[in-house]
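Descriptive analysis of the structure
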Amino acid sequence: MIQNPPNLGIDLDPVRHPEGCRPGIDCDTWLIRGARVIDPNNQLDTCTDVYIADGLIVGMGAAPAAFVLEQAQQVDAQGQWLIPGVIDTWARLREPGQEHKATIATETLAAVASGITTLCIPPDTDPVLDTVAVARFIKRRAQLAGRARVVAIGALTQGLKGELLAEMAELTEGGCVAISNAHYPVRDLRLLRRALEYAATFDILVVIQPEDPSLAKWGCAHEGIIATRLGLPGIPVSAETAPLAQLLAIIAETGARIHINNLSSRAAVRLIEQAKSEGLPVTASVSAHHLWLSEMDTDTLCGNTHVQPPLRSLRDRDALRSALADGTIDCVISDHQPHESDAKLAPFPATEPGISGLETLLPLVLKLVDDGLLTLERALDALTRRPADLFGLTNSGRIELGARADLALINPDTLWTLDETTLQSAGRDTPFFGWDFRHQTTATWVNGKQVFFRADGPVMSQ
Amino acid sequence: MAVNFVRPLIPKLATDPWAIQFDAAGHLKHLLTIEGLGSTWITRILDTAEGFMSVSDRDIKKVPLLRGRTVVNLFFEASTRTRTTFELAAKRLSADVLNINLSTSATTKGESLLDTLRNIEAMQADMFVVRHEQSGAAHFIARHAAPHVSVLNAGDGWHAHPTQALLDAFTIRRIKGEFAPLRIAIVGDVKHSRVARSQIHAFNSLNVGELRVIGPRTLIPNDIEPLGVRVYHDMRAGLKDVDIIIMLRLQRERMESGLLPSEQEFYRLYGLTEEKLKWAKPDAIVMHPGPANRGVEIESRVADGPQSVILQQVSNGIGVRMAVMALCMSAES
């Protein structure tokens, strides 16, 4: 059990309170009236009332016996969607170690303002997330911020150096939902094989982002016509597929549960498809920006399309879209990497890769639904139930009696534009400024507490 | 002569960074890349350069076009030829010239490119001539420089070296006249060459008959055909019926990174010797953006031979750079 820390005399709640938002109301009994409640995995798509108490969903339709209506905050949510809160399994919050870019407080607010209730953070923090102490620190900071739930992904190797195994059993006992070497390679294949074997012993999920450091060396853009034309050092598709094929060969022997993070190419999708058809315990994710952008969006005037893995061809993008639709790709991540503005103020190859992605994760995926490229069921599954099941968040990502009340209320028909005023994240590095979206989060609950609501959103009454 | 040749099929980017080369009135303000100039602007620059060529032959080699203006040569990468010809061009236009060699100073002290830029801007410069090792650096500087400043790209990473391509086009036009009947071959390390990229755009804009690149697969980038070139890996086939041979400089680090086994093997296969020169048309000319590695990509007897126009390229470079400076500086006035 994690205790609140003593007051160390430091600013423990540096949360910005942007206009239209305010901190949560300290109430844990809620009645959300009349929303279209959607949870595809429970075949649920109906307008009904949802009762929340003690952090759980305690009733749907009719009030449960013990529910005291007079004590409940009521929300009139007619015309809105109530969905399970989004689970983003790969988001960097920059704390600890890079607080000049962002903090847990700023980024968890950005998350709940865009329907995300759980964030899994990769282990490439500073210090590296290879001890339970760091995992606890992160959890404590998230509790103090009081917004989204934050869970840690522990390190696969000590210091992410790819030399010695991290204490993965202890890390998972200490609350880590998976382990990973982030984007750092494990060059020694024997060590990688042993790491996977060891993880398999305890049925620990291993998240791997396949990128061969030598094939990707100096590269900053997809090796293709645009990189050739702009003179940008290229990253070939084989930088992704070569290590992925090696990994799949090892998984066939070790049987560890592997989640391939952040796919970028059509060829990698094919490898995943084949591995799945052979029954290997492999799942995969794609970032929301890879579903919308391609090398054609490379803008040398601005580093906001410099991401890792790179934005590839339109064919690759379309393959990622259809793989998400047919379930070959299981989940969508934000791959959130907030940066200070200086990190992107340089010639394209010299900018730091990564974009601020939290606030466009849900809107971009729902935009695919609007365009008829994805069913609403698959879209919500990929953002909620599927990641919850993969990362062992067994009571999250669903709307059913007894489930954790992590919920997002979405206005499905409000035109809004992402711009400097609507973006909450401390990282302003998004290529989606100026994009129009239709779905906007109006309120968010985590653990039965309202952690966000938009002033022009649902009507509140008591 | 009719040549069956595919014109470039360059897909349009979501945002065209080259658009910032022009001011609101559509006049050339920065020269960052050949892309977007079209034959009209290229021809205008070449015609203007023709007018400036006589200045170098006068007793007093100066015209007062840029009197009172300050041109700053911002070189983040070592260069002798390009920097001195830019300097000479600015001086012949009567500008004040400041040379700043940054490859060893500010940026190694952790100063950002933007900080450096702001500091030099504070010295009331009117034009930056920029060379930088990163592709896109000149665009970056043009975007962030004060509104009155013109930026000329003197080479950015592997991306562009537009004045080099213009002076090559100028040299070819002086010798051969028309571009349409010509076959041009660019030989060597195309992959890492900003010169080759700018030449490809320039020659295609000028409707050259056929454009070829010749080299081993490691030195020819993927997907280069859509830029409007034919790829040859065999020197003899590639040089057949060619009017212009452009040899590119081969950097020594290419051997270390496994792109080539040795200089000797490269020279044997692709180095321009007197014997290989015979595979091209008898009146073919030989060009090189310099500095040439004799015995690596070109034989001395060819570099100094009657078909070589390498030194003409250098002197033409001054006139072309004067033209570019004069045109860009006339935009804002």
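How each quantity is defined
- Residues numbered from 1 in each chain as written.
- Chains lettered and ligands numbered in written order.
- Predicted model: local features only at pLDDT ≥ 70, side-chain atom pairs only at ≥ 80, totals over all residues.
- Heavy atoms only, no water.
- Helix = DSSP H or I, 4+ residues; strand = E, 2+ residues; numbered from the N terminus.
- Rg over C-alpha atoms; globule rule 2.2 N^0.38 Å.
- Buried < 20%, exposed > 50% of the residue type's maximum accessible area, 1.4 Å probe, protein only.
- Contact = heavy atoms within 4.5 Å.
- Pairing = 2+ DSSP bridges.
- Right-handed = clockwise from strand over helix to strand, strands pointing away.
- Core = buried A, V, L, I, M, F, W, Y, C linked by side-chain atoms within 4.5 Å.
- Domains from an automatic or database assignment.
- Buried area = accessible area lost by both parts, 1.4 Å probe.
- Salt bridge = Lys/Arg side-chain N within 4 Å of Asp/Glu carboxyl O.
- Polar contact = N/O pair within 3.5 Å; in protein donor to acceptor, adjacent residues only side chain to side chain.

**Regarding the overall build of chain A**
When you go through chain A residue by residue, the secondary structure sums to eleven helices and 21 strands. Computed over C-alpha atoms, the radius of gyration of chain A comes to 21 Å, within 12% of the 23 Å expected from 2.2 N^0.38 for 462 residues, which places it in the range of a compact globule. Taking the principal axes of its C-alpha atoms as reference, chain A extends roughly 65 × 50 × 45 Å. Looking at chain A residue by residue over its 462 residues, the buried ones come to 62%. Counting contacts in chain A only where the partners sit at least 6 residues apart, residues at least 24 apart contribute 74% of the total.

**Quick look at the pairing of strand S6 (residues 210-214) of chain B**
Looking down a regular strand, the side chains alternate between one sheet face and the other. All names here are of chain B. Of all five residues in S6, five are buried, a share of seventy percent or more. The alternating pattern of S6 places Glu210, Arg212 and Ile214 and Leu211 and Val213 on opposite faces, both of which are buried. With five bridges joining them, strand S5 (residues 183-187) and S6 adopt parallel strand pairing. Residue pairing across strands places Ile186 opposite Val213, the latter belonging to S6. Remark: the S5/helix H6 (residues 194-205)/S6 crossover connection has right-handed handedness. Sheet topology places S6 next to strand S7 (residues 230-232); three bridges connect them, and they run parallel.

**Re the nonpolar core**
Residue and element names in this part refer to chain A. Within the largest apolar cluster, 95 residues are counted, with the highest numbers of intra-cluster contacts made by Leu119, Leu196, Ile260, Leu263 and Val332. For this core, the element with the highest residue contribution is helix H9 (residues 358-370), accounting for eight residues. Both domain 1 (21-83 + 403-461) and domain 2 (85-390) contribute no fewer than three residues apiece to this core. If near-sequence neighbours (up to four positions away) are discounted, Leu263 is found in contact with Glu240, Ala268, Val269, Ile272, Ala284, Ser285, Val286, His290, Leu320 and Ile329.

**Quick look at the domain arrangement of chain A**
The extent of an interface is frequently quoted as the accessible surface area lost upon association of the parts. Residue and element names in this part refer to chain A. With domains assigned, chain A is organised as domain 1 (21-83 + 403-461) and domain 2 (85-390). Inter-centroid distance (C-alpha atoms) of domain 1 to domain 2 is 27 Å. The interface is formed by 41 residues belonging to domain 1 together with 43 residues belonging to domain 2. For the pair domain 1 and domain 2, the summed buried area comes to about 3200 Å², and 62% of that belongs to carbon and sulfur atoms. Connecting domain 1 to domain 2 are two salt bridges. Along the contact surface separating domain 1 from domain 2 lie 19 residue pairs in polar contact (both at pLDDT 80 or more). It is strand S19 (residues 440-446) that provides the largest number of residues to the side of domain 1 that touches domain 2, a total of four residues.

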